[in-house]
Each structure stands twice: as C-alpha cells, then as structure tokens.
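Listed below are the residues making up each chain.
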Amino acid sequence: MAGTQDSFEASRAEKLQRIEALGLDPWGTRFDGHQPIGAVRTLRIDATPPERVRVAGRIVLRRGMGKVAFLDLWDWTGRIQVMIGQKQVGEQGWNLAQQLDLGDLLGVDGTFGKTRTGELTIFAEGLHFLGKSLNPHPDKWGGMQDIEFRLRHRYLDLIYNPEVLDRARKRILIIRTIRRFLDDQGFCEVETPTLHAIAGGAAARPFITHHNALDIDLFLRIALELHLKRLLVGGIERVYEIGRVFRNEGISPKHNPEFTMMELYQAYGDYRSMMDLTEGLIVACVDALGAGRRLPFGDTEIDYSPPWERARYADLFHKHVGVSMDDTEGIVRICEARGFPSANKHPDVLIHHLFEECVEDKLLGPVFVYDYPASLCPLTKRQHLNPNVAERFELYIQGMELANAYTELNDPVTQEATFRMQLAGLPEEDSMAKMDDDFVQALRYGMPPAGGLGVGIDRLVMLLTNTSTIRDVILFPLLRPEK
RNA sequence: GGGAUCGUAGCUCAACGGCAGAGUGCUCGGCUUUUAACCGAUGAGAUGGCGGUUCAAAUCCGCCCGAUCCUACCA
C-alpha cells in the first residue's frame, strides 16, 4: 500500500525504529554550540585550515548519489547544503543517513567550504539526529497552495513560505520599537484585567464567560481604556499597555475576534500632544524597518515622512458629503437619498454614517482627522467653548482607522451623564453608553487632565508590511474548528 | 446575511458526457560533487456527501458540507 497516507506514516515510524536500533534517541538530545546557518554562510570559504562549523536545522531537500548525499538544511536564519559522504561520516553516520526523511531535524559537525560547482556547503564529519518528523512535509514543487491548510498549519507555513516568517519578525520588531519608544519617553507598561464585569471603553459586542466561585458572568475586555485611566488617578502619569482585546463580531480581512491594541495615557497632555506622539511613534516603527519612509502598500505607496496632514472632521465632511454638518435638513435628505432611514435618529448618528460612507475611503493619509461630534464620544473631553465638539482624532491611512485619541474626559459629572445618555437610533450594543459606576467613582477622586491614544497593532503591522489581510499578521487567526 | 468561484492520488494539477491521467512525494534498484540532481521499477483514487438526468456522469441538474474571493456587519 505504498503511497497512502498510512504508508507514509508507517514508513517513517519504521525509520524511527531503525534510528532507535542504532542506539540513538529519535527525539534528539541537547546539542550545544551550534551556529546560526545565516552566520555560517558569511564565514570565509577559503580559510586554511577550513572553518569547523556546527549547525542544527531541518532537512528541507535531499539528493542521494549512491555513496554520497546532499541535504539542504534550514534554520530560521537561512539554508545551507550539507554533503554527507559514506567514508567521511563513518558507518554509524552513514547508517543514520539512510534513515533521514524530509522534515527531520539534524545536527551537523563539519567543515565549511564549497563544492566544485561553487555551492556553499558543510562537509559533514559527524551527524546528530535531533528529531523525527512522522508526518510528511509539504511538496517541494507544489508546496502549500491551500490557504486553509496554511492557516491550520502555520508552523509549516513559517518554514516553507519565507515571507510568513519575515512578516512575523517585522511584527516583533514593530512591537519592540513601540516599547522602546514609549519607555524612552518615561511611559510605564502595565497589565490590566482581561476579565471585566462591565465591557466598557468601546462600542462592541463582548464575549461572555462565567466565574464559578463568584457565580457571576464576566466579559472579555473590548478595550483597555478604563483601567488605564484608573491608573492615571493613581498617579502613574505615563502609562501604557499592549494587550489583546476581544470583540464578538465578524471576521473579515480587517477584523479578527481577538486583536492587539496599544493604549497609552499621558497626564497633563491633550489630543494635540497625542498627535505629535503618534506621529513620532509610527515613524520610529517605519525607520526601524530600515526600508525608508516611503513604503509600498498594495499597488500604491505610502509616504510616512512627517509632518502628517491634519484635517478637521467638519471640513472633511463638508468637502466630501457636500453639505455642512450644521445643515440637518440637507443631511437628512442625503441619507434618505442613499437609502439610510433617518427617522428617530440623532443627527450625529446620521452625520457619522455619511462620514463613513463618503469620507473614510478617501482618507489615504496619513491624516489626522480631528474634532468629532461630541455625542459620538462619551469618554472624550468637550471643547471648553463649544461642548458639541469633542477633542478627539483618528489617524487614517489608506482608509483604515489606525489610531484613535482623545483629550480624556476627566469630569465625573459629565462622564456619568454621557454614560447614561443612549443615543436615539443606535442599538444598545453599538453604544458606548454603558454605566460604569466604579469608573465614575475613580474620576471623582480626581483624574489629571490627560491625552490618551489607542493604536490597532495588527493594522499597523498590515500597513507597514504591505499585508492585505489581518490573518497574515496574526500567527494564529481564529478559524472554524475542524470537524 | 448576499453574490461569485472552487472541492479529482499525501501535495500541485490535467481530463469538461465515453476505460481517471501526469509531475512530485512515498517504496525498491543504480550512481562520491548534486542544485526543485539524474536513470530505472513498483505502488498509490469509489473524483467532498446525498439524490436526479443519461446507454454512459469527475463532467449536466438539485440539495447538503467545506473553502476562497468580493460585499454587508464590525462607531
């Protein structure tokens, strides 16, 4: 039955037995002192005597030649050819070499040089078996075409699709850069609860879970905001958290039910200080990638060179919708014309609907859109002279909301009022008006005036790595379980 | 939720109403300098599921399951 899935596995299991019979542990042992393959490749090839090297990696290609065999060994820094000669590795080594499969893990001692065709090669003198692959690895020609298979086997995707590993490393670099940037500015990183009694800080449907001992339902957090602001009350003047939030909503190229947010709060700042900070932070990430400040995205290019455009919400609205935000009649007319029923809806709900429909996808940016209709922003400070305007901005790049920032509302009386106000026309789960007494109490002890910022890390990574779908910047995106 | 496309060997694909095929991988044989090595051989499939049309279905039709893309929802 050679050829069936079972026979692949049977054949590999049999090889595992034979490796054991050679007196070796088929699952490997400690293996000290190996060098990254990428570093080996930079050694001098003409050194006398030749450089001695020790590497460890996965067998990704194999060419047998009778009494000699060539392997391509891969680790996460690179790939290199290994030549195994019958004479050179001795009887034990040669017996082991006969049992090697694609996907097995192998340590090699040898000398570094090149073959007569010029290929950089480790000429093996000792082999160390480091782990068996019982399942066959992806086909060397066809590879992994099925996207679902790749997502369900991300570990293989990382090995066989170099851009996947590259993107994962860029994500790590971006997050590390954010931490360094903020730490350098005196911000403290904290961890706040993910289990919330009230799912506040944003408008989204939460995941519900249950705590048995207290016999209460709890929600997975949908934002970091309210705990971080409590820490402002507590005197942690510059505070941030990079953490997972959970929203029980649809899955799309821009949405995963759990995603990573960075939120920060700076006492005695405001939304304009946040604009400067945001620009500096993201430019630092762009610079960390080392590919210049103009980065490709899809079939265009984004120029991150500061300063970035700043545009007032009302001005953009007028420009793209064609009527003023004060022109309620005109707004109702346009909504109805576009098939969006306007009856019993707060004017600001209509305004924001039109903004999303007509303006957002024009915002190629980077552009800071600032001064939002106050009723949409229950956690934001109103302008002192015009309480209908909230001191809020969103950063748009390529029509995506990348960051959201406020001058934080620190007046407990107004906060309690906005929590209580349910905007007409908004379903309850779409409203941020969720009364949180405990939070209001915290404000009553005095929260310093502050600027706050939230950044969607996954979307930032998408933009900076030219990735069109969020599940390619999340190593393990949510998938329907296999039946 | 709506629309489009797709599901054939472990993998990548072909066959488009007439005997289900190739490459690769697997297994066996040959080769001490190969480069997705090469040469030779052996295996490997009820074509996602159920039903229908037909002398004949992978192919046409219906339903189901699953996936992908677009769209909607997600302030």
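What you see is a predicted model; the values in this text were computed from it and never measured.

Participant: What exactly am I supposed to notice about the sheet that holds strand β16 (residues 389–397) here?
Facilitator: Two strands in a sheet stick together by hydrogen bonds in their backbones, pointing the same way (parallel) or opposite ways (antiparallel). Reading across from one edge, β6-β10-β11-β18-β17-β16-β15-β14 is the order of the eight strands in this open sheet, with mixed pairing throughout. Each having just a single partner strand, β6 (188–189) and β14 (309–312) make up the two edges of the open sheet. Two elements, β14 and strand β15 (residues 367–373), share four bridges in a ladder whose sense is parallel. Looking at β15, one finds that R312 is bridged to Y370.

Participant: What is the right way to read the side chain of E360 from this model?
Facilitator: Note on placement: E360 falls in the loop between α11 (347–359) and β15. Put simply, E360 is tucked away with no salt bridge, and the nearest opposite charge, on K254, sits 7.6 Å away. Once residues within four sequence positions are removed from consideration, E360 is found in contact with F355, Y396, G399 and E401.

Participant: What am I meant to see in the environment of M274 here?
Facilitator: Relative to the helices and strands, M274 is located in helix α8 (residues 271–289). Residues M274 and I216 lie 58 residues apart in sequence; the distance between their C-alpha atoms is 37 Å. With near-sequence residues (within four places) excluded, M274 lies in contact with L264, Q266, F393, A405, Y406, G451, G452 and L453.

Participant: Explain the sheet that holds strand β2 (residues 68–75) here, please?
Facilitator: Spatially, the five strands close up into a barrel ordered β1-β2-β3-β5-β4, and their pairing is mixed. Neighbour-to-neighbour, the strand axes of the sheet open up by a mean angle of 55°, direction not taken into account. Across six bridges, the pairing between strand β1 (residues 52–64) and β2 is antiparallel. Looking at the pairing, L61 lines up with D72 of β2. Lying over the sheet, helix α3 (residues 86–97) contacts β2, β3 (78–85) and β5 (120–131), oriented at roughly 100° with respect to β3.

Participant: Could you clarify how one ought to interpret the protein's contact with RNA strand B in this entry?
Facilitator: As a structural note, the neighbourhood of RNA strand B is formed by 45 residues, with T117, K140, E249, H255 and E356 the closest of them. In the interface set of RNA strand B, defined as its atoms within 4 Å of the protein, sugar plus phosphate atoms amount to 56%. When contributions to the surface near RNA strand B are tallied by element, the ones reaching two or more residues are α1 (5–21), β1, β2, β3, α3 and α11. Of the residues belonging to the surface near RNA strand B, the class tally is 14 nonpolar, 15 polar and 16 charged.

Participant: Which parts of the structure should I look at to understand the packing of aromatic side chains?
Facilitator: Using the criterion set out here, one finds eight aromatic pairs in the structure. Ring centres 4.9 Å apart and planes at 85° place the aromatic pair F368 and F393 in the edge-to-face group. Of this pair, F368 sits in strand β15 while F393 sits in strand β16, and the two are 25 residues apart along the sequence. Here the basic side chain of R272 rests over the ring of Y370, its NZ or CZ set 5.0 Å away from the ring centre. Lying across the ring of Y372, R392 places its NZ or CZ 4.6 Å from the centre.

Participant: Hey, could you run me through the environment of N410 in this one?
Facilitator: Mapped onto the secondary structure, N410 falls in the loop between β17 (400–407) and α12 (412–420). Put simply, N410 and A291 are 119 residues apart on the chain and 41 Å apart in space, counted from C-alpha to C-alpha. Excluding residues that lie within four positions of it along the chain, N410 makes contacts with K381, L443, M447, P448 and P449. In this structure the side chain of N410 is engaged in a polar contact, spanning 2.9 Å, whose partner is the backbone oxygen of M447.

Participant: Just checking my understanding: could you explain the pattern of salt bridges for this structure?
Facilitator: Side chains that differ in charge, positive against negative, can pair when their charged atoms come close. Counted under the stated rule, the structure contains 31 salt bridges. Residues D109 and R54 are paired through a salt bridge, measuring 2.8 Å at the closest nitrogen-oxygen approach. With D109 in strand β4 (residues 105–114) and R54 in strand β1, this pair connects stretches of sequence that are 55 residues apart. Classification of R54 as partly exposed rests on a relative accessible area of 21%. Between D438 and R230 there is a salt bridge; the shortest N-O distance is 2.7 Å. Residue D438 is located in helix α13 (residues 437–444), and its partner R230 is located in helix α7 (residues 225–233); the two are separated by 208 residues in the primary sequence. On the accessibility criterion, D438 (48% relative accessible area) is partly exposed. One salt-bridge network, in which partners are shared between bridges, spans K15, D101, D104 and K132.

Conventions and cut-offs
Residues numbered from 1 in each chain as written. Chains lettered and ligands numbered in written order. Predicted model: local features only at pLDDT ≥ 70, side-chain atom pairs only at ≥ 80, totals over all residues. Heavy atoms only, no water. Pairing = 2+ DSSP bridges. Helix = DSSP H or I, 4+ residues; strand = E, 2+ residues; numbered from the N terminus. Buried < 20%, exposed > 50% of the residue type's maximum accessible area, 1.4 Å probe, protein only. Lys, Arg positive; Asp, Glu negative; His and termini not counted. Salt bridge = Lys/Arg side-chain N within 4 Å of Asp/Glu carboxyl O. Contact = heavy atoms within 4.5 Å. Axes fitted to C-alpha atoms, helices over the stretch in contact; angles between N-to-C directions. Near = heavy atom within 4 Å. Nonpolar A, V, L, I, M, F, W, Y, C, P; charged D, E, K, R; others polar. Phe/Tyr/Trp six-rings, centres within 6.5 Å; stacked < 30°, edge-to-face > 60°. Lys NZ or Arg CZ within 6 Å of the ring centre and 35° of its normal. Polar contact = N/O pair within 3.5 Å; in protein donor to acceptor, adjacent residues only side chain to side chain.

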